[in-house]
Protein chains: 2
Amino acid sequence: MLSKKSKYAIKALVGLAKNHGNEVPLRIAQIAEQEHIPKKFLESILVELRNNGLVHSKMGAAGGYYLAKEPSDIFLSQIIRLSGGPIALLPCVSLNFYESCEECEGGEEQCALHDVMLEVREATVEILAKTSLSDLVEREDRLAKLLK
Amino acid sequence: MLSKKSKYAIKALVGLAKNHGNEVPLRIAQIAEQEHIPKKFLESILVELRNNGLVHSKMGAAGGYYLAKEPSDIFLSQIIRLSGGPIALLPCVSLNFYESCEECEGGEEQCALHDVMLEVREATVEILAKTSLSDLVEREDRLAKLLK
DNA sequence: CAAATATATACCAAATTAGTATGATATGAA
DNA sequence: TTCATATCATACTAATTTGGTATATATTTG
């Protein structure tokens, strides 16, 4: 499971992606309202995303947040990792949050579970690493049209 | 991420699968030692697995645990769900632990993120639902031989 | 300067996770 | 029948994570 933090981070970034190209940045309060995210919590999430180089911010009146890269260059896998969540189902198959299983005595090379979980991670990352913010925005448009 | 509980449940069941066919059940203490799982914690995990019909137990001296079904009929997806863990990355795409996103106003049919996460869940379940305890045991044998 | 904004720091409550403790109960063997 | 070996039931708990909130400060624009 992703944490709410990760989910909120994704939704906030999708919001920023929709605003991409506009001159004026989006205010925290706007994003919070649009995406129904608690404002103060969103604030801390955005600070983290900024520290990780995904967004930039502008202080003062008429300030706010905007993407630091093209929406087509920000991928779900990245967002999830930066907002604190491992993607893998076990620490011993995580690329970015690796930890060995102390209880696995034969070593990971002999662990069948490790093996299967590696497969799962690969299948998951395959999808998440090819889906960008602009893909999500497009997809949303397409879904909206289908339902009209 | 799976909880340790889920990981321990899988490992314990693999242990029981290896013992399958023997007359004598495995004692909690044996499983705990073999798989390096804290004994009292394992005890509570096994009780839950029994309540969910995956294992049977026998009380008293020479008692212990054994599988309630063939190892080829117990799948990772089942174990993970019964030991408390959703497989999906978001509640709104979970089959067994579904919850709607209150903040998703257009409804899930219009949510692009929902759509992607559905894909991820399907890819994950595809692997976990076809991997049985006997597959894991076989796989372990194969890995051991490769490394000899 | 005043208003609108982000920033920094610190705190906090609830839920979840990962167990432990204690004693009762059932079984088999001596 | 008694004793050692098991599971079973119930309750408790410590640590961590999650999901926030509060307060005060710094910066920019008009």
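Rules and cut-offs
Just so you know, the residues in each chain are numbered from 1, in the order the chain's sequence is written. Each chain is given a letter, starting from A, and each ligand a number, starting from 1, according to the order in which they appear as written. Where local features are concerned, this predicted model is filtered to residues with pLDDT of at least 70; where side-chain atom pairs are given and counted, the filter is 80 or more; whole-chain, interface and lining totals use all residues. The side-chain values count all of the structure's non-hydrogen atoms but skip hydrogen atoms and water molecules. Secondary structure is summarised from DSSP: a helix means a run of H or I of at least four residues, a strand means a run of E of at least two, and numbering begins at the N terminus for each. Residues are treated as being in contact if the distance between any of their heavy atoms lies within 4.5 Å. The protein chains shown are the only cover counted for residues, whose accessible areas, like all others here, come from Shrake-Rupley with a 1.4 Å probe. Lys and Arg are tallied as positive, Asp and Glu as negative. Neither His nor the chain termini are counted. All charge positions are set by atom: Lys at NZ, Arg at CZ, Asp at CG, Glu at CD. Definition of a polar contact: a pair of N or O atoms within 3.5 Å, with one able to donate and the other able to accept a hydrogen when the atoms are protein atoms, and with sequence-neighbouring residues admitted only if both atoms are side-chain atoms. By definition here, a salt bridge exists when the distance from a side-chain nitrogen of Lys or Arg to a carboxyl oxygen of Asp or Glu is within 4 Å. Exposure categories follow from relative accessible area, calculated using a 1.4 Å probe and restricted to protein chains: below 20% of the type maximum is buried, above 50% is exposed, and the middle band is partly exposed. In this analysis, strands are considered paired if DSSP registers two or more bridges between them. Only Phe, Tyr and Trp rings take part, Trp by its six-membered ring, and two of them pair if their centres are within 6.5 Å. Stacked means planes under 30 degrees apart, edge-to-face means over 60, and tilted covers everything else. For this quantity, the arc is that covered by the directions from the helix axis to the C-beta atoms.

## Quick look at the overall build of chain A
Alright, step 1. For chain A, the helix and strand inventory stands at six helices and two strands.
Alright, step 2. The long-range fraction of contacts in chain A, counting pairs at least 24 apart against all pairs at least 6 apart in sequence, stands at 58%.
Alright, step 3. Total accessible area on chain A is roughly 7,400 Å²; 51% of this is exposed by carbon and sulfur atoms.
Alright, step 4. Counting 18 positive and 21 negative side-chain charges, chain A places the averaged centre of each group 13 Å from the other.

## Some words on the side chain of A:R121
Residues and elements named next belong to chain A.
Alright, step 1. Counting through the fold element by element, R121 comes out in helix 5 (residues 112-128).
Alright, step 2. Within the local environment of R121, its side chain forms a polar contact with the backbone oxygen of V93, the two atoms lying 2.9 Å apart.
Alright, step 3. Discounting chain neighbours no more than four positions away, the residues touching R121 are A88, V93 and L95.

## Regarding the pattern of salt bridges
Side chains that carry opposite charge are capable of pairing whenever their charged atoms lie near each other.
Alright, step 1. Taken as a whole, this structure holds 14 salt bridges over all chains when the rule is applied.
Alright, step 2. Across the pair A:E122 and A:R121 runs a salt bridge, and its minimum N-O distance is 4.0 Å.
Alright, step 3. With a relative accessible area of 46%, A:E122 lands in the partly exposed category.
Alright, step 4. Using a relative accessible area of 12% as the deciding quantity, one classes A:R121 as buried.
Alright, step 5. With its nearest N and O atoms 2.5 Å apart, the salt bridge here joins B:E119 to A:R139.

## Concerning the pairing of strand 2 (residues 64-67) of chain A
Residue and element names in this part refer to chain A.
Alright, step 1. Sheet topology note: the strand 1 (residues 55-58)/strand 2 ladder contains four bridges and is antiparallel. Among the inter-strand pairings, V55 is bridged to a residue of strand 2, identified as L67.
Alright, step 2. With antiparallel pairing between neighbouring strands as the criterion, strand 1 and strand 2 make up a hairpin whose turn holds five residues, including G60 at a positive phi of roughly 80°.

## A short note on the packing of aromatic side chains
Residue and element names in this part refer to chain A.
Alright, step 1. Following the criterion strictly, the structure yields two aromatic pairs over all chains and no others.
Alright, step 2. Ring geometry for Y8 against F41: centres 5.8 Å apart, planes inclined by 80°, an arrangement best described as edge-to-face. Placement of Y8 in helix 1 (residues 4-19) and of F41 in helix 3 (residues 39-51) is noted, with a sequence separation of 33 residues between them.

## What about helix 2 (residues 28-35) of chain B?
All names here are of chain B.
Alright, step 1. Among the residues making up helix 2, those that are buried are I28, I31, A32 and E35. Considered in projection along helix 2, the buried side chains sweep an arc of 100° and stay on one side of the axis.
Alright, step 2. Where helix 2 is buried, its residues contact helix 1 (4-19), helix 3 (39-51) and strand 2 (64-67).
Alright, step 3. A positive phi of about 55° marks H36, the residue just after helix 2.

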